Amino acid sequence: MSGDTVTLFEVGPRDGLQSLKTEVPAATKIALVDALSNTGLGKIEVTSFVSPKWVPQLADAAEVMAGITRAPGVRYAVLTPNLTGLDRARAAGADEVAVFASASEGFSRANLNCSVAESLDRFAPLFEAAAADHLPVRGYLSTVIACPFDGPTPPETVARIAARMLEMGCYEISLGDTIGAGDPARLSALLDVLLDHVPADRLAGHFHDTHGTALAMIETALHRGLRVFDASVAGLGGCPYAPGASGNVDTRAALERITALGFATGVDLAALAEAERIAATIA
Ligand SMILES: CC(C)(COP(=O)([O-])OP(=O)([O-])OC[C@H]1O[C@@H](n2cnc3c(N)ncnc32)[C@H](O)[C@@H]1OP(=O)([O-])[O-])[C@@H](O)C(=O)NCCC(=O)NCCSC(=O)C[C@@](C)(O)CC(=O)[O-]
């Protein structure tokens, strides 16, 4: 398996900043994205076009998108929960958008104010509009291991919703261990079921490192054929609607582990230092 290329999807500017208690100026967010753009990372999630009442931390999404200096070859992604979000993302010139659903009802209600089925219905017109514009849509599926409200998530439920989201138009499903409840054994149990329904090359790992298991889970996922992983510079972050969620796996740590296992990432670890310096002024 070594020798393959692995893609790191940097989510720090979005996932990392959405639940901070302190206010981060737009200029700092822009500087963070610009520093990340100089590292060789091919995909950066810049911000969210969600309701500013729900996530005031990212209310400046349009200003941040307008302020960044786009590096050639980098795709700048944003989160969009509905058509309003998609319209704002298009106006901001996002290269791709991401919808986000939950594998558990409790988290869906807390994060999106609707049931899982309602959230998928709400995405339908978004997929239609995005397809008309040839805008790629990524899908996040949260609480794939466990939910802070409902407990453990059955792998069959994850498989059913992930397959449905791909059918609806997602190019890839990012598997969110939202509260970092996973470990290699739980992830293997999930993949045993999921890979019968969805091929590994349509899946990504999004592992929060709450209990220090994210790197081991990346290794497990690599062995099962996954080649895309989300990570957050300096391990910034968490979800404001998931009690107990801490940061996504640290970008440097993920890169070091993936590289040690013999994969290429194209990311310059030395260049990451400037983004980490900015992240340290934020956290
Ligand atoms: C989905 C809604 C909007 C439903 O929110 P709602 O209150 O049920 O619905 P609404 O349609 O009545 O909207 C409320 C207000 O927001 C406005 N609004 C509505 N949509 C937008 C929009 N796109 N942009 C700007 N404004 C918007 C809308 O116009 C209205 O304004 P008002 O009439 O009250 O003045 C809300 O629940 C929401 O924004 N939720 C997002 C929560 C969120 O961002 N969570 C964090 C990201 S997910 C995550 O972190 C997990 C992940 C992806 O990382 C993976 C993992 O770790 O598992």
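Keep in mind that this is a model prediction, so the values were computed, not measured.

Calculation criteria
Residues numbered from 1 in each chain as written. Predicted model: local features only at pLDDT ≥ 70, side-chain atom pairs only at ≥ 80, totals over all residues. Heavy atoms only, no water. Axes fitted to C-alpha atoms, helices over the stretch in contact; angles between N-to-C directions. Helix = DSSP H or I, 4+ residues; strand = E, 2+ residues; numbered from the N terminus. Parallel < 35°, antiparallel > 145°, perpendicular 65-115°, else oblique. Left-handed = near helix turned anticlockwise from the far one by under 90°. Contact = heavy atoms within 4.5 Å. Nonpolar A, V, L, I, M, F, W, Y, C, P; charged D, E, K, R; others polar. Buried < 20%, exposed > 50% of the residue type's maximum accessible area, 1.4 Å probe, protein only. Arc of directions from axis to C-beta. pLDDT = per-residue confidence, 0-100. Salt bridge = Lys/Arg side-chain N within 4 Å of Asp/Glu carboxyl O. Phe/Tyr/Trp six-rings, centres within 6.5 Å; stacked < 30°, edge-to-face > 60°. Lys NZ or Arg CZ within 6 Å of the ring centre and 35° of its normal. Expected span 1.5 Å × (residues − 1).

Q: Where do I start with the packing of helix H4 (residues 83-91) against helix H6 (residues 116-132) in this structure?
A: When two helices pack together, their arrangement is given by the angle between their axes and by how far apart the axes lie. At a minimum axis separation of 9 Å, H4 and H6 run at an interaxial angle of 25°. Judged by the angle between their axes, H4 and H6 are roughly parallel. The interaxial crossing formed by H4 with H6 has right-handed handedness. Residues Leu-83, Leu-86 and Arg-90 of H4 touch H6, and the partners they reach there are Pro-125, Leu-126, Ala-129 and Ala-130. Considered class by class, the residues forming the contact of H4 with H6 number six nonpolar, no polar and one charged.

Q: Looking at this structure, I do not really get helix H8 (residues 184-194). What am I missing?
A: Each α-helix turn comprises 3.6 residues. Residues three or four places apart therefore point the same way. Taken together, the buried positions of H8 are Leu-187, Leu-190, Leu-191 and Leu-194. The arc that holds every buried residue of H8, seen down its axis, measures 95°, which confines them to one face. Where H8 is buried, its residues contact helix H7 (155-168), strand E8 (172-177), strand E9 (203-207) and helix H9 (214-223).

Q: Looking at this model, I keep getting lost on the confidence of the model for the chain. Mind explaining?
A: Low pLDDT means the predicted coordinates in that region are not meant to be read closely. Taken as a whole, the chain shows an average pLDDT of 96; of its residues, 98% reach a score of 70 or greater. The ipTM for the predicted assembly is 0.97, set against a pTM of 0.97.

Q: Could you clarify how one ought to interpret unusual backbone geometry in this entry?
A: A negative phi holds for most residues other than glycine; trans holds for most peptide bonds. Unlike most non-glycine residues, Thr-143 shows phi in positive territory, near 50°. Position of Thr-143 among the secondary structure elements: in the loop between strand E5 (137-142) and strand E6 (146-147). Its relative accessible area of 0% is what places Thr-143 among the buried residues. Here Ala-234, not a glycine, exhibits a phi torsion of approximately 60°, which is positive. Within the secondary structure layout, Ala-234 lies in the loop between strand E10 (228-231) and helix H10 (251-260).

Q: Quick question: what am I supposed to make of the pattern of salt bridges here?
A: Pairing between side chains of opposite charge can happen when their charged atoms approach one another. Going through the model one piece at a time under the given rule, you end up with 17 salt bridges. Across the pair Arg-14 and Asp-15 runs a salt bridge, and its minimum N-O distance is 3.7 Å. Of the two residues, Arg-14 and Asp-15, both sit in the buried class. Two residues, Glu-96 and Lys-43, come together in a salt bridge whose shortest N-O distance is 3.7 Å. Separated by 53 residues along the polypeptide, Glu-96 in strand E4 (residues 96-102) and Lys-43 in strand E2 (residues 43-48) bring together distant segments of the chain. Salt bridges sharing common partners tie together Arg-14, Asp-15 and Glu-45.

Q: Help me understand the packing of aromatic side chains in this model?
A: Aromatic ring pairs are described here by two measures, namely the spacing of the ring centres and the angle between the planes. Tallying each qualifying case throughout the model produces one aromatic pair. Here Phe-207 and Phe-229 contribute two aromatic rings whose centre-to-centre distance is 6.5 Å and whose plane-to-plane angle is 50°, an arrangement assigned as tilted. Remark: Phe-229 occurs in strand E10 and Phe-207 occurs in strand E9; sequence separation between them is 22 residues. Here the two residues Phe-207 and Phe-229 agree in accessibility, since each one is buried. Of note, Arg-14 hangs over the ring of Tyr-140, and the distance from its end group to the ring centre comes to 5.4 Å.

Q: Would you explain the environment of Asp-150 in this entry?
A: Along the chain, Asp-150 turns up in the loop between E6 and strand E7 (151-152). Owing to a relative accessible area of 43%, Asp-150 belongs among the partly exposed residues under this scheme. Ignoring any residue separated from it by four or fewer positions in sequence, one finds Asp-150 in contact with Ser-104, Glu-105 and Gly-106.

Q: Hey, could you run me through helix H2 (residues 26-37) in this one?
A: Here H2 spans 16 Å end to end across twelve residues, near enough to the 16 Å set by a 1.5 Å rise per residue. A large share of H2 lies buried, amounting to nine of its twelve residues. Turning to H2, its buried residues are Ala-26, Lys-29, Ile-30, Leu-32, Val-33, Asp-34, Ala-35, Leu-36 and Ser-37. For H2, the secondary structure elements touched by its buried residues are strand E1 (7-10), helix H1 (12-16), E2, helix H3 (61-67), strand E3 (75-79) and helix H11 (272-282).

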